[in-house]
Amino acid sequence: MPFNSHKCSIERQDALDIISDIKRALPRELEQAKSVAEESKDIMNRAIAEAQEMLDDAEKKAMEIIKDANEEAEEIRLDTEDAVNDYINSSKPVMEAEEKAQKIISNAKAVSEEIKIGTAEYADELLSEVEEHISSILDEIRKNREEFK
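Source: prediction; values computed, not measured. (Residues numbered from 1 in each chain as written. Predicted model: local features only at pLDDT ≥ 70, side-chain atom pairs only at ≥ 80, totals over all residues. Heavy atoms only, no water.)

**Comments concerning the overall build of the protein chain**
Argument step 1. Counting secondary structure elements, the protein chain contains two helices and zero strands.
Argument step 2. In terms of C-alpha radius of gyration, the protein chain reaches 35 Å, well past the compact-globule figure of 15 Å for 149 residues.
Argument step 3. If one aligns the C-alpha atoms of the protein chain with their principal axes, the spans along those axes are about 125 × 30 × 10 Å.
Argument step 4. Among the 149 residues that make up the protein chain, the fraction classed as buried is 15%.
Argument step 5. Of all intrachain contacts in the protein chain linking residues separated by at least 6 positions in sequence, the fraction that spans at least 24 positions is 80%.
Argument step 6. Of the accessible surface of the protein chain, which amounts to about 12400 Å², a share of 53% is contributed by carbon and sulfur atoms.
Argument step 7. Put simply, the protein chain has 21 plus and 39 minus side-chain charges, and the middle of one group is 10 Å from the middle of the other. (Helix = DSSP H or I, 4+ residues; strand = E, 2+ residues; numbered from the N terminus. Rg over C-alpha atoms; globule rule 2.2 N^0.38 Å. Buried < 20%, exposed > 50% of the residue type's maximum accessible area, 1.4 Å probe, protein only. Contact = heavy atoms within 4.5 Å. Areas by Shrake-Rupley, 256 points an atom, 1.4 Å probe, with all protein chains shown as cover. Lys, Arg positive; Asp, Glu negative; His and termini not counted. Charge placed at Lys NZ, Arg CZ, Asp CG, Glu CD.)

**Focus on the environment of E129**
Argument step 1. Within the element layout of this structure, E129 appears in helix 2 (residues 91-148).
Argument step 2. The class for E129 is partly exposed, based on a relative accessible area of 49%.
Argument step 3. It is 19 Å that separates the C-alpha atoms of E129 and K60, two residues lying 69 residues apart in sequence.

**A few points about the pattern of salt bridges**
Argument step 1. By the definition in use, this model includes four salt bridges.
Argument step 2. Of the charged contacts in the structure, one is a salt bridge between E81 and R77, with a shortest N-O distance of 2.2 Å. Residue E81 and its partner R77 are located together in helix 1 (residues 12-86), separated by four residues, close to a single helical turn.
Argument step 3. The exposure class of E81 is partly exposed, given its relative accessible area of 39%.
Argument step 4. Each of E74, R77 and E81 takes part in one network of salt bridges that share partners. (Salt bridge = Lys/Arg side-chain N within 4 Å of Asp/Glu carboxyl O.)

**A closer look at the environment of N45**
Argument step 1. Take N45: it is sitting in helix 1.
Argument step 2. It is 9.3 Å that separates the C-alpha atoms of N45 and I134, two residues lying 89 residues apart in sequence.

Given below as structure tokens:
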């Protein structure tokens, strides 16, 4: 029978050998795929847990910093009140003390705000790193899935 460009002939035993090889290799490949998928899932779960831990730590540090700043501001306020009371009999020292107290309170508030902003930026950086890490893991998972299609 003549063949055209779309048909060819192979030995039956060769075809059966190739099919047998494919059948033997397929379970091994599927097992490896499952293993890769499970490992990817484990990596993602660990990354999420690590991210949450980092976020919790950042929030805890931020709260401690804010608490310390508030305590320092209160201490400064009390010191300023004491200074004002010492100069109560003289109007010029009283005005100077009030100005000084306002500057100290203003400075304490500014420091507190800077700490708050710094803490928010730190938490944002941590979350950004975690997001990038999770994104790369997700890209790897997608790549692995595409290989099985």
